[in-house]
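Residue-level structural notes
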Amino acid sequence: MSSDIAAILAIDGIASGAIYVLIAIGFVLIFAVTRVIFVPFGDISAFTALTLAALETQRLPGTMGLVAMLAAMATLMQLTADIRASDLKAIPSTLFFYLVVPLVPVALMWFAAGSVMSMPVRMGLSLLLVLPIAPLLDRIVFRPIADASVLLLLTVSMALHFALVGLGLMFFGPEGVRTQPLTDASWEIAGMQVSLQTFLIVGSAVVFSTLLYAFFELTLTGKALRATAVNRTGARLVGIRPAYTGTMAYVLASILAGISGILISPVTTIFYDSGFLFGLRAFVGAIIGAMVNYPVTALGALLVGVLESFASFWSSAFKEVIVFSLLLPVLLWRSLSVGEVEDEAEE
Amino acid sequence: MSKTQFRFLTLAALFLLVASPFYLNAFSMTLLNYIGVYGLVALGLVLLTGIGGMMSFGQAAFVGIGAYAGAWASALQGYSPWVGLMLAIVLSCSVALVLGAITLRLGGHFLALSTVAWGLSIFFLFGNLDGLGNYNGIANVPPISLGPLKLVASWQMFYLIWAIVLLALLASRNLLDSRSGRAMRALRGGNLLVESLGINAFFTRLATFVIAALFAGLSGWLYAHLNRFVSPAPFEVHVGIDYLMMAMVGGATELIGAFIGSALVTLTKNSIQDYLPMIAKGASGQLEIVVFSIVFIVLLQRWRGGLISISSHLLPSPHHDIDRTVTPLSRRPLPQPGEVLLTADQVERRFGGLVAVDKVSFTLNAGEILGLIGPNGAGKSTMFNLLTGALRPNSGRVVFQGRDITHAPQREIAKAGIARTFQHVKIRPKMTLLDNVLLGTHPRTTSGFFSGALRLDRAEEAQARAEALRQLQRVGLGDKPFELAGNLPLGNQRVLEIARALAADPVLLVLDEPAAGLRRQEKQALAELLQSLRSENLSILLVEHDMEFVMGLVDRIVVMNFGCKICEGLPLEVRQDAQVQDAYLGGLV
């Protein structure tokens, strides 16, 4: 391998790694606050890409149906809960938060879809449309079992992923999509052509990770999220509602997933079921960061991107085998460095 | 349900199963075959997840290894399917051994996620290896032959599959009721508990993992010869999750839950395929998955313990006949009273900048009760953990019976004769009193996984049971040994822990705040018990908070405050000591 090829592969790897960074950080965020390993997270990313592609061709995206369906289910569940608790005063706010708020982007989309929009507007609308999905799924699927063990939550999360892939096929159809490139410009650096798109991708990953960091450090909501992550009971004692911080975590993570979907859609062809593999690669990164450490997670996700890029050069057939086998030495290293792990006893 | 009724029902169910080829049609027989094949994988998962607390999404990969081993050996190499069976067993077990050795030290969800990763790796490997037919797979897998008889028809395969299934079920049941099986059932109590009982937690996990992989590999071999065609698709991670769903929906804490789940999932999938097109015209295959996943989520939301949890009260309560006339387990010689038993020499432990135990030295003599006391945050519990191997000191030495145990692992210290209890009781609530105490006999007995599964351990098991019952009676809990430990009040749970510690035939008993949370009468009973143990020459180290309890009971006292030893002596002397009074009552200005 010449140094040119190595450089090109490295740049490719960093670009896809940057996208995995966003998803991986989202994983860690949701896990820390809610203890749910949100497997369908990659699907959210893929759904954003599919939405964006539909807007480019001036079609109504299938996401609208999905969001409307989820909003209806969540509203019904919350209304039933309100009525059972004879908390009739809560009904207006239930209707507002579970029905009206999620349906606003759907309605916007309904009016706007036929017209020709500029790229930033399309991106903004797509992002807005996928935002309610994860919080609604949280309400429908996870909140009834919020106190269950991590492993039960993980199993349910896996099942939810299958349901979403199936729904994805119904709402988006089997065709793969690839959106227009963000830009065609490229810069020459040290004798190599590097497309501006690569810079944009890496740049957005950096910007949004930094914004998230600032949010955690500087705002009260961010601190409440961190408090819930450290100790749920303690957070509840000082008046932080885990259900609220959970929703916040899902919304924030959905922004990251949405952005990663927008960034990845001009780079590779996306199908309704592409999300699982993105998610899993990001996951390897999250595990490198032990599901708690954001900077190490980001580094890990970058590493996965670079490795994937080199692996597909060496042997494209065994690309996935190489990437997922990477996890084993990482786990071995973690288990040796952590030493004895004391599991919390169950039952 | 009584034991007789249960036996009758089991026999009736067995009869119905054996006779099923006479009243079921060929299609139903095929379904029954798949229920058995899938149930075998789920059985491994019950042992792994429900019993051992480890979750695997990757079992489908082991099924694939078994299936490909069988298909490769018989269809591509022309060997007998039985050679394929050997290969399937050897390969699935050795791959499990390697993967387990790498991943099983990890905590719960890491382990579960790593199984997704290697599950995918192995799946992609099947699809990309030329020697295994890539994504096209291996066709024309020959049927299994028994002498001249070829097992082609579904009823013929039925008898082979269900014979293997029932054998696996029987072996698992035997195993769980043996020394190694109890170690497996203790795993969910956490490493600290398991290691303190002298059990190698990692080895037990690894063995459980290999057993689960073995069942999956067997199932794969059966699958290859049932389906007569093998391709990568049925060994995807998605399918691995189906297996997990079977175990969880059926009920992962009972062996039979695996087959309830397997039957439920197989029949539900089948009926969704049948009925869904009637409700939703032109529904695609994906809608099946959606409906199936939703059914699964709702089931888990409603019944976290699986369907078996609704009917588990119908299962007979465990009951054994205990023969008290067997030769008792051999005991270790106790040291002469007054001999130095345990020495802590300049022991120090730091947590970052905090010195929790600061160069503490003391000795404990055989046959005495030594109290280690001090106010909150004095470093007593840290000291306790240093002595029992739960923590390692930064410097200093701990010597027990002339042997340096400073850096010995917890289970070696337990085996050397130091038995401990826990401040927050760690008993196994879903196990009987007898089984809990039997856990204590682990270091004194030797039967392994094989002898447990094959029931070759009965002589030793009878000895261990007699010993456990003896210890239960010694502490006053001998009247209902088959009660579930979780049903006991806290005071009795502490006493149960002492019985478990005694079952290890310890030289030194180390008790961590045994009086905490006890009522007055319970404390008195506990003090009497400890006194009677001392009169039997047992040495006791008592870490305690409750001064009144300690003063009347112990021979000597070591007082700690802020990580340092501030005083040592007879209870009366300690009570007079100015520093101790300062520490407990606050200094007089």
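Sequence order as written defines the numbering, with residues in each chain counted from 1. Chains carry letters and ligands carry numbers; both start at the beginning, A for chains and 1 for ligands, and go up in the order they are written. Local features are withheld for residues below a pLDDT of 70 in this predicted model, meaning they are given only at 70 or higher, and side-chain atom pairs are given and counted only at 80 or more; totals for whole chains, interfaces and linings count all residues.

**Some points on the overall build of chain B**
- Counting its regular elements, chain B contains 24 helices and 12 strands.
- Counting only C-alpha atoms, chain B reaches 90 × 55 × 50 Å along its principal axes.
- Partly exposed residues are those falling between the two cut-offs: more than 12 but fewer than 20 other C-beta atoms within 10 Å of their own, whereas 20 or more means buried and 12 or fewer means exposed, with C-beta atoms placed from the backbone. Split into buried and exposed, the 589 residues of chain B put 50% on the buried side. Working definition: helices are DSSP H or I runs of at least four residues, strands are E runs of at least two. Numbering for both runs from the N terminus.

**Focus on the overall build of chain A**
- Across its full length, chain A holds 15 helices and two strands.
- Taken along the three principal axes of its C-alpha coordinates, chain A extends 70 × 60 × 40 Å.
- Counting across all 347 residues of chain A, residues that qualify as buried make up 47%.
- A separation of at least 24 residues holds for 75% of the contacts in chain A among residues at least 6 apart in sequence. Note on contacts: residues are paired as contacts if their backbone-placed C-beta atoms lie within 7 Å.

**Side note on the sheet that holds strand β7 (residues 403-404) of chain B**
Residues and elements named next belong to chain B.
- At least two DSSP bridges between two strands are required for those strands to pair. Read across the sheet, four strands follow the order β4-β3-β6-β7 without closing on themselves; strand pairing throughout is antiparallel. The open sheet has two free edges, formed respectively by β4 (354-365) and β7, since each of these has just one partner strand.
- Where strand β6 (residues 395-400) meets β7, two bridges bridge the pair, whose relative direction is antiparallel. Counterpart to Phe-400 in the pairing with β7 is Arg-403.
- Here the axes come from fitting lines to C-alpha atoms, over the contacting stretch only for helices, and the angles between their N-to-C directions go from 0 to 180 degrees. Relative to the sheet, helix α15 (residues 380-388) contacts β3 (340-351), β4 and β6, its axis offset from that of β4 by approximately 60°.

**A closer look at the nonpolar core**
- A set of buried residues drawn from Ala, Val, Leu, Ile, Met, Phe, Trp, Tyr and Cys, joined through C-beta atoms within 7 Å, is what defines a nonpolar core. Of all hydrophobic cores here, the largest spans 287 residues; its most connected members are Ala24(A) and Phe27(A).
- For this core, the leading source of residues is helix α10 (residues 201-227) of chain B, giving 16 residues.
- Counting contributing residues per domain, this core is built from domain 1 (29-306) and domain 2 (429-505) of chain B, each supplying no fewer than three. For the purposes of this description, domain bounds are those given by an automatic or database domain assignment.

**A word on the interface of chain A and chain B**
- At the interface, 43 residues of chain A touch 46 residues of chain B.
- Those elements that place two or more of their residues in the side of chain A that touches chain B are α7 (150-172), α12 (275-288), α14 (319-325) and α15 (327-338) of chain A.
- A per-class count over the side of chain A that touches chain B returns 32 nonpolar, four polar and seven charged. Asp, Glu, Lys and Arg are counted as charged, while Ala, Val, Leu, Ile, Met, Phe, Trp, Tyr, Cys and Pro are counted as nonpolar; the rest, among them Gly, fall into the polar class.

**Remarks on the confidence of the model for chain B**
- Across chain B, pLDDT averages 86, with 96% of residues at or above 70.
- Across the whole predicted complex the pTM is 0.85, and at the interface the ipTM reaches 0.83. Values of pLDDT, ranging from 0 to 100, describe the predictor's confidence in every residue of the model.

**Comments concerning the pairing of strand β9 (residues 508-512) of chain B**
Residue and element names in this part refer to chain B.
- Most of β9 is tucked away, with five of its five residues classed as buried.
- Neither face of β9 is exposed, since Leu-508, Val-510 and Asp-512 on one face and Leu-509 and Leu-511 on the opposite face are all buried.
- Across three bridges, the pairing between strand β8 (residues 418-420) and β9 is parallel. Bridged to Ile-418 within β9 is Leu-508.
- Bridging between β9 and strand β10 (residues 539-544) involves five bridges; their strand directions are parallel.

**A word on the confidence of the model for chain A**
All names here are of chain A.
- The predicted model of chain A has a mean per-residue pLDDT of 81, with 94% of residues at 70 or higher.
- Between the elements of chain A, mean pLDDT differs from a low of 69, seen in α15, to a high of 90, seen in helix α6 (residues 133-142).
- Every residue in residues 339-347 is under pLDDT 50, and counting partners more than four places away or in other chains gives 20 contacts.

**A short note on the domain arrangement of chain B**
Residues and elements named next belong to chain B.
- Domain annotation of chain B identifies domain 1 (29-306) and domain 2 (429-505).
- Centre-to-centre separation of domain 1 and domain 2, based on C-alpha positions: 32 Å.
- With 15 residues of domain 1 in contact, the opposing surface of domain 2 contributes 17 residues.
- Secondary-structure elements contributing two or more residues to the side of domain 1 that touches domain 2 are α7 (154-176) and α8 (179-186).
- The element that contributes the greatest number of residues to the side of domain 1 that touches domain 2 is α8, accounting for seven residues.
- Of the residues that constitute the side of domain 1 that touches domain 2, the class distribution is seven nonpolar, five polar and three charged.

**Looking at α10(B)**
Residues and elements named next belong to chain B.
- Here the expected span of a helix is defined as 1.5 Å times the quantity of residues minus one. For α10, which comprises 27 residues, the first-to-last C-alpha distance of 38 Å matches the rise-based estimate of 39 Å (1.5 Å per residue) to within 8%.
- Counting buried residues in α10 gives 23 out of 27 residues, a clear majority hidden from the surface.
- Phi turns positive, to about 65°, at Arg-228, one or two residues after α10.

**Digging into the packing of helix α3 (residues 26-51) of chain B against α10(B)**
All names here are of chain B.
- Packing of α3 against α10 brings their axes to within 8 Å, and their N-to-C directions diverge by 170°. As judged from the angle between their axes, α3 and α10 are roughly antiparallel. Counted together, Asn-33, Val-37, Leu-40, Val-41, Leu-43, Gly-44, Leu-45, Leu-47 and Leu-48 of α3 and Thr-208, Phe-209, Ile-211, Ala-212, Phe-215, Ala-216, Leu-218, Ser-219, Leu-222, Tyr-223 and Leu-226 of α10 form the full contact between these two elements.
- A breakdown of the residues in the contact of α3 with α10 according to their chemical character gives 16 nonpolar, four polar and no charged. Angular relationships are summarised with four words: roughly parallel below 35 degrees, roughly antiparallel beyond 145, roughly perpendicular across 65 to 115, and oblique for the angles in between.

**Concerning the pairing of strand β12 (residues 564-569) of chain B**
Residues and elements named next belong to chain B.
- Sheet topology note: the strand β11 (residues 556-561)/β12 ladder contains five bridges and is antiparallel. Paired with Val-558 across the two strands is Glu-568, which belongs to β12.
- In this antiparallel pair of consecutive strands, β11 and β12, the connection spans two residues, and Phe-562 shows a positive phi of 45°.

**Focus: the sheet that holds β9(B)**
Residue and element names in this part refer to chain B.
- Judged by pairing direction, the sheet is mixed, and its six strands sit side by side in the order β8-β9-β10-β5-β11-β12 without closing on themselves. At either margin of the open sheet sits one strand with a lone partner, and together these are β8 and β12. Averaged over all pairs of adjacent strands, the angle between their axes in this sheet comes to 20°, without regard to strand direction.
- For strand β5 (residues 369-373) and β10, the ladder comprises five bridges, and the chain directions are parallel. The residue of β10 that forms the bridge with Gly-371 is Leu-542.
- Contacting β5, β9 and β10, helix α21 (residues 520-535) runs over the sheet at an angle of about 150° to β10.
- Taken strand by strand, helix α24 (residues 578-585) contacts β11 and β12, and its axis lies near 125° from that of β12.

**Notes on helix α19 (residues 458-475) of chain B**
All names here are of chain B.
- Compared with the 26 Å implied by 1.5 Å per residue over 18 residues, the 26 Å span of α19 between its first and last C-alpha is a close match.
- Taken together, the buried positions of α19 are Glu-461, Ala-464, Arg-465, Glu-467, Ala-468, Leu-469, Gln-471, Leu-472 and Val-475.
- As for α19, its buried residues are in contact with α17 (433-440), α20 (490-503) and α21.
- Directly after α19, the chain includes Gly-476, whose backbone phi takes a positive value near 90°.

**Notes on the packing of α3(B) against α7(B)**
Residue and element names in this part refer to chain B.
- Across the interface, α3 lies against α7 with an axial gap of 9 Å and an inter-helix angle of 20°. Classified by the angle between their axes, α3 and α7 sit roughly parallel to one another. Here α3 and α7 pass one another in a crossing that is left-handed. Contact residues: α3 offers Ala-26, Met-29, Thr-30, Leu-32, Asn-33, Gly-36, Val-37, Gly-39, Leu-40, Leu-43, Leu-47 and Ile-51, while α7 offers Ser-154, Trp-155, Met-157, Phe-158, Ile-161, Trp-162, Val-165, Ala-168, Leu-169, Ser-172 and Leu-176. By convention the crossing between two helices is left-handed if the near helix lies anticlockwise of the far one by an angle smaller than a right angle, and right-handed if it lies clockwise.

**Things to note about unusual backbone geometry**
All names here are of chain B.
- For Asp-505, which is not glycine, the phi dihedral falls at a positive 55°.
- Looking at where Asp-505 falls in the secondary structure, it is placed in the loop between α20 and β9.
- Judged by C-beta crowding, with 20 C-beta atoms within 10 Å, Asp-505 ranks as buried.
- At Glu-513, a residue that is not glycine, the phi angle is positive and equals roughly 45°.
- Locating Glu-513 in the fold gives a position in the loop between β9 and α21.

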